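# Residue-level structure breakdown
Spelled out, the chains give:
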Amino acid sequence: MSKFATGLARYFDFAGHQTNLRTEILAGVTTFFTMAYILLVAPSILGKTGMDLGAVFVATGLSACIGTFLMGVVANYPIALAPGIGLISYFAFAVVLGMNVPWTQALGAVFLSGTVFFVLTVTKIRELIINAIPTGLKYAVSSGIGLFIAFIGLKNAQIILPAEATYVMINPDLTKKPEILLTLFGLLITSVMMVRRVKGAIFIGMVATAIVGMMTGLIKVPDKLFAMPPSMAPTFLKLDVMGALELGFVTIVFAFLFVDLFDNAGTLVGVASQAGLMKDNKLPRAGRALITDSIATVLGALFGTSTVTSYIESSAGVASGGRTGMTSVTTALCFAAALFFFPIVQTLASVAAITSPALIIVGVLMAGNLSKIEWDSLSEAIPAFITLIMMPLSFSIATGIAAGFILYPLCKVVAGEGKHVHPVVYVLGVIFILRFMFLGSV
């Protein structure tokens, strides 16, 4: 074994985690391919806001690369990071397009949320907040985001259309439009592979759909496969932090922060448990992992992309034997190499048939938390249901969160369980009521 390999083994403690360099590298590559779809989906969605496609692609890949690398070398966890698909959708469709907020200000809100996340983690306030938020609301938010992004996927693919009488309807030409049929093919093949537990099913499904689309002439064949990464100048340091400090942005910043906070906590615990890294039911080096995430979110906003978060797809790498940060370092290097494949992204990012199935399937995965909500307790079920249903119907993650925090303490007080609600939840409920009263819809 070379001195370099020996040094890696010692630094990441391969012996203590009962792993080796070959296993860690294979696990890192596996993780990359399970989440590589984000390199196509992020530019596709954020590009609709007017952001430069090439710049967003580089910002996404670079923030994923740096965040994942830091997670590996600082926290020594086999967990990868990238812009979260739920918050990308919220950023683009709810904030920028839905509320007519300039994308520069939306990036400012992402930057502020990352900064606040960093402060909360360093000061240990993060633990107080995580412990204060009711478990049912956490699951409802995750499930609601799943419904939200699945709705966006169906809408972008034109599988569902707006209707005056019923608000939405199924496309009457569902089986007549080749583009929709291609989307359905992508959804079918991805679903089959997911059911068969094929690693990287979402990414493979996108590739298969692209190939079929090119063979049938529905998708243009890229002129070339490789090129130098495009310039990041159109989005680099273009965030408007001062604009995001306006009072009306409080709920937007909170939505980014809230989802990032619990998405990370849930992913870290879930993947670490799968890898056998939990000690006495606690996560060692949790502070390092969360600080790494907050730094990645701040850097992502500076580069020109949405909130960076831990990816549950990291579990695929763990299932392949990944146990240390070397898995993450490998994934990070894969993201760096992927920056030279922009010609493919440039051709495929605008094709809804490729990206929509991914959104729908990810929505299914996120909605899995519905089973963990206490549906037999109405004081839990009502706030949870309103939280998750309001997200797709109002086209806003923030609105769903606000509705849940208003209803939860109210339902608990009426049920005679008010003393079990943490004061923080009462404070947030009042804040959201005032937000609706004086600043309108969220």
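Residues numbered from 1 in each chain as written. Predicted model: local features only at pLDDT ≥ 70, side-chain atom pairs only at ≥ 80, totals over all residues. Heavy atoms only, no water.

The protein chain is annotated in an unreviewed UniProt entry as NCS2 family permease of Laceyella sacchari. Taken from UniProt, the Subcellular location (unreviewed entry) comment for the protein chain reads in full: "Cell membrane". Reading the Sequence similarities (unreviewed entry) entry of the UniProt record for the protein chain gives the comment "Belongs to the nucleobase:cation symporter-2 (NCS2) (TC 2.A.40) family. Azg-like subfamily." (UniProt positions renumbered as here; feature names shortened; annotations may be inferred.)

### Some points on the overall build of the protein chain
Along the protein chain, the regular secondary structure elements total 20 helices and four strands. Whereas a compact globule of 442 residues would reach a radius of gyration of roughly 22 Å, the protein chain reaches 21 Å, a difference of no more than 12%. Each principal axis of the C-alpha atoms in the protein chain carries an extent, and together these give about 65 × 55 × 45 Å. Burial analysis of the protein chain (442 residues in total) assigns 55% to the buried set. Partitioning the intrachain contacts of the protein chain with sequence separation of at least 6 by distance along the chain shows that 80% fall at a separation of at least 24. (Helix = DSSP H or I, 4+ residues; strand = E, 2+ residues; numbered from the N terminus. Rg over C-alpha atoms; globule rule 2.2 N^0.38 Å. Buried < 20%, exposed > 50% of the residue type's maximum accessible area, 1.4 Å probe, protein only. Contact = heavy atoms within 4.5 Å.)

### Here we look at the side chain of Ser 294
Position of Ser 294 relative to the elements: it lies in helix α13 (residues 286-303). Looking at Ser 294, the relative accessible area reads 0%, which means it is buried. When sequence neighbours within four positions are dropped, the list of residues in contact with Ser 294 reads Gly 114, Phe 117 and Phe 118.

### Details of the packing of helix α10 (residues 201-215) against helix α17 (residues 352-366)
It is at 9 Å that the axes of α10 and α17 come closest, and there the two elements cross at 155°. With respect to α17, the axis of α10 lies roughly antiparallel. The two elements α10 and α17 cross, and the hand of that crossing is right-handed. On α17, the residues touching Ile 202, Met 206, Thr 209 and Ala 210 of α10 are Ala 353, Ile 354, Thr 355, Ala 358, Ile 361 and Val 362. The residue inventory of the contact of α10 with α17, partitioned by class, reads eight nonpolar, two polar and no charged. (Axes fitted to C-alpha atoms, helices over the stretch in contact; angles between N-to-C directions. Parallel < 35°, antiparallel > 145°, perpendicular 65-115°, else oblique. Left-handed = near helix turned anticlockwise from the far one by under 90°. Nonpolar A, V, L, I, M, F, W, Y, C, P; charged D, E, K, R; others polar.)

### A closer look at the nonpolar core
Residues Tyr 90, Phe 91, Ile 397, Ile 401 and Phe 405 are the most contacted members of the largest nonpolar core, which totals 93 residues. Examining the composition of this core, we find that ten residues originate from one element, helix α5 (residues 85-99), more than from any other. The contact partners of Ile 401, leaving out residues within four places of it in the chain, are Val 141, Phe 254, Ala 255, Phe 258, Val 259, Thr 387, Met 391 and Phe 432. Listed in part, the 18 residues of the second largest apolar core include Leu 120, Leu 268, Leu 290 and Ala 296. (Core = buried A, V, L, I, M, F, W, Y, C linked by side-chain atoms within 4.5 Å.)

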